[in-house]
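Close look at the chain arrangement
Chain residues, written in single-letter form:
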Amino acid sequence: MSLEEFYDELNFVDASRENRQKYAQMVLDDMSLFPKLIDVMFRVNDKISCRAAWVFEFVCEHYIYAIVPYLDTFCTNIKKVHLDSAVRPIAKVCSLIGQEYDSKQPNTLKKVLNSKHIELIIEACFDWLISDQKIAAKAHAMDALFLLGKNHSWVHPQLVQILEQDFSTQSAGYKVRAKRILKKLKPVGYRQMKNNS
């Protein structure tokens, strides 16, 4: 399937889980479509990029190692993504990368993820956290920062500062996720916050 044909096919992706799963399976069955999916996903001003991001998220949920040959492309382009519907799945994939990176088991992603990749993911996640993003994107960004920050000493203090600073003005969903992260990072401060909320 050519890039143009695949782009046209992505027009039919909708928000339903079954539909996104169907298109993710199409890519998993023919991995030559994966770089095409990434190409469309990073056409950041095109609404079809959101549909590509939804499929990308599902592919990565099933097989996160698909991203390995494309880590440079992924990490250098994520900060350009700005459409709400695309930011959330991209942030979710950052969280999935964080989970693999934090795994106690050796794995391919852990081996190839270099300091530049991590720096770019951390930068994007902090940007999403402090900008006007929806709660789901912020929640995934928090998770990724918590996981990647375990090996980067400056990340957790910065994360705590942002979560505490924004806590009172954010939604209930944000507060739930923030409390969970703060409980892991600052158990004493979390108990005080719980008593004050």
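Look a little higher up for the structure.
Scope of this entry: the structure provided in the associated data block. (Residues numbered from 1 in each chain as written. Predicted model: local features only at pLDDT ≥ 70, side-chain atom pairs only at ≥ 80, totals over all residues. Heavy atoms only, no water.)

For Asn114, the position within the fold is in the loop between α7 (108-112) and α8 (115-130). The exposure class of Asn114 is partly exposed, given its relative accessible area of 33%. The spacing of Asn114 and Leu71 is 43 residues in sequence and 9.4 Å in space, taken between C-alpha atoms. (Helix = DSSP H or I, 4+ residues; strand = E, 2+ residues; numbered from the N terminus. Buried < 20%, exposed > 50% of the residue type's maximum accessible area, 1.4 Å probe, protein only.)

As a further point, take helix α9 (residues 135-148). A rise of 1.5 Å per residue sets the reference length of α9, with its 14 residues, at 20 Å; its end C-alpha atoms lie 20 Å apart and thus fit the reference within 8%. Among the 14 residues in α9, 12 count as buried, and that is most of the element. Taken together, the buried positions of α9 are occupied by Ala137, Lys138, Ala139, His140, Ala141, Met142, Asp143, Ala144, Leu145, Phe146, Leu147 and Leu148. (Expected span 1.5 Å × (residues − 1).)

Okay, the pattern of salt bridges next. As enumerated under the stated definition, the model contains 9 salt bridges in all. Glu57 is the salt-bridge partner of Lys92, the closest N and O atoms lying 3.6 Å from each other. Of this pair, Lys92 sits in helix α6 (residues 84-102) while Glu57 is found in helix α4 (residues 48-62), placing the two residues 35 residues apart along the sequence. Note on Glu57: relative accessible area 4%, which makes it buried. Of the charged contacts, one joins Arg180 and Asp143 as a salt bridge, the two residues approaching to 3.5 Å between their closest N and O atoms. Of the two residues, Arg180 is situated in helix α11 (residues 172-185) and Asp143 in helix α9; the sequence distance between them amounts to 37 residues. Looking at Asp143, the relative accessible area reads 14%, which means it is buried. (Salt bridge = Lys/Arg side-chain N within 4 Å of Asp/Glu carboxyl O.)

Attention now moves to the packing of α6 against α9. Packed helices, taken two at a time, are described by the angle between their axes plus the distance between the axes. Axis separation between α6 and α9 bottoms out at 8 Å; the angle between their running directions is 20°. Judged on the interaxial angle alone, α9 and α6 are roughly parallel. Where α6 crosses over α9, the handedness of that crossing is left-handed. Contacts from Val87, Arg88, Ala91, Lys92, Cys94, Ser95, Gly98, Gln99, Tyr101 and Asp102 of α6 reach α9 at Ala136, Ala137, His140, Ala141, Asp143, Ala144, Leu147 and Leu148. Along the lines of polarity and charge, the residues of the contact of α6 with α9 split into 10 nonpolar, 4 polar and 4 charged. (Axes fitted to C-alpha atoms, helices over the stretch in contact; angles between N-to-C directions. Parallel < 35°, antiparallel > 145°, perpendicular 65-115°, else oblique. Left-handed = near helix turned anticlockwise from the far one by under 90°. Contact = heavy atoms within 4.5 Å. Nonpolar A, V, L, I, M, F, W, Y, C, P; charged D, E, K, R; others polar.)

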